[in-house]
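Fold and geometry: a report
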Amino acid sequence: GILLLFRTGDFYEAFGVDAETLSRVCGTALTHRACWPMAGFPHHVLESRLRSLLTAGHRVAVCEPVAEAPKEVERIVLPAEYCTEESNHARQPIAD
């Protein structure tokens, strides 16, 4: 499957099994919201966390808030496609 990260304000958050994976791989604190596992990190460390998750073999979808809808998948990042050069991280909307 694909680990799903939601942008919420200044943080990215994951829930359920995704939160447990994020916590285990990246060392983030695992908490609970309404008895549901949750983990998150500040938005400015996204690329570092992606690198860790992808190096561990996980695929990641990043959801960002947009004006038309509460959240949308902004990008799906696969280990084979990830590039560490910041110039190659131009954010493109995913076509329907």
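Residues numbered from 1 in each chain as written. Predicted model: local features only at pLDDT ≥ 70, side-chain atom pairs only at ≥ 80, totals over all residues. Heavy atoms only, no water.

**Here's the deal with the overall build of the protein**
Per the secondary structure count, the protein includes two helices and six strands. What you see in the protein, going N to C, is helices and strands ordered as β-β-α-β-β-α-β-β. Counting across all 96 residues of the protein, residues that qualify as buried make up 33%. The long-range fraction of contacts in the protein, counting pairs at least 24 apart against all pairs at least 6 apart in sequence, stands at 44%. Surface exposure of the protein reaches about 5,800 Å², of which carbon and sulfur atoms provide 55%. (Helix = DSSP H or I, 4+ residues; strand = E, 2+ residues; numbered from the N terminus. Buried < 20%, exposed > 50% of the residue type's maximum accessible area, 1.4 Å probe, protein only. Contact = heavy atoms within 4.5 Å. Areas by Shrake-Rupley, 256 points an atom, 1.4 Å probe, with all protein chains shown as cover.)

**Things to note about the confidence of the model for the protein**
On average, residues of the protein score 81 in pLDDT, and 75% of them are at 70 or above. Averaged pLDDT values for the elements of the protein fall to 72 in strand 6 (residues 72–77) and rise to 96 in helix 1 (residues 17–26). Taken as a whole, residues 83–96 scores under 50 in pLDDT and shows 19 contacts with residues more than four places along the chain or in a different chain. (pLDDT = per-residue confidence, 0-100.)

**What about the side chain of Arg7?**
Here Arg7 is to be found in strand 1 (residues 2–8). Residue classification places Arg7 among the buried residues on the basis of a relative accessible area of 17%. Here Gly9 takes part through its backbone oxygen, which lies 2.7 Å from a polar atom of the side chain of Arg7. (Polar contact = N/O pair within 3.5 Å; in protein donor to acceptor, adjacent residues only side chain to side chain.)

**Quick word on the side chain of Ser23**
By the element assignment, Ser23 lies in helix 1. For Ser23, a relative accessible area of 17% gives the class buried. In contact with Ser23, not counting residues within four places along its chain, are Thr28, Ala29 and Leu30.

**Things to note about a nonpolar patch on the surface**
Nonpolar side chains collect at one region of the surface, where Ile2, Val73 and Ile76 lie side by side and expose about 200 Å² of accessible area between them. When you line up the elements, Ile2 lands in strand 1. Classification of Ile2 by relative accessible area gives partly exposed; the value is 34%. (Patch = residues over 30% accessible without salt bridge, like charges linked within 9 Å, V, L, I, M, F, W, Y side chains within 5 Å. Salt bridge = Lys/Arg side-chain N within 4 Å of Asp/Glu carboxyl O.)

**Re the nonpolar core**
Membership of the largest hydrophobic core comes to 16 residues, with the highest contact counts inside it found for Leu5, Leu22, Leu50 and Val60. Elements with a minimum of two residues in this core: strand 1, strand 2 (11–15), helix 1, strand 4 (36–42), helix 2 (46–55) and strand 5 (59–64). Of all the elements, helix 2 adds the most residues to this core, at four residues. Each residue touching Val60, except ones within four places of it in the same chain, is listed here: Ile2, Leu3, Leu5, Leu50, Leu53, Leu54, Arg75, Ile76 and Val77. (Core = buried A, V, L, I, M, F, W, Y, C linked by side-chain atoms within 4.5 Å.)

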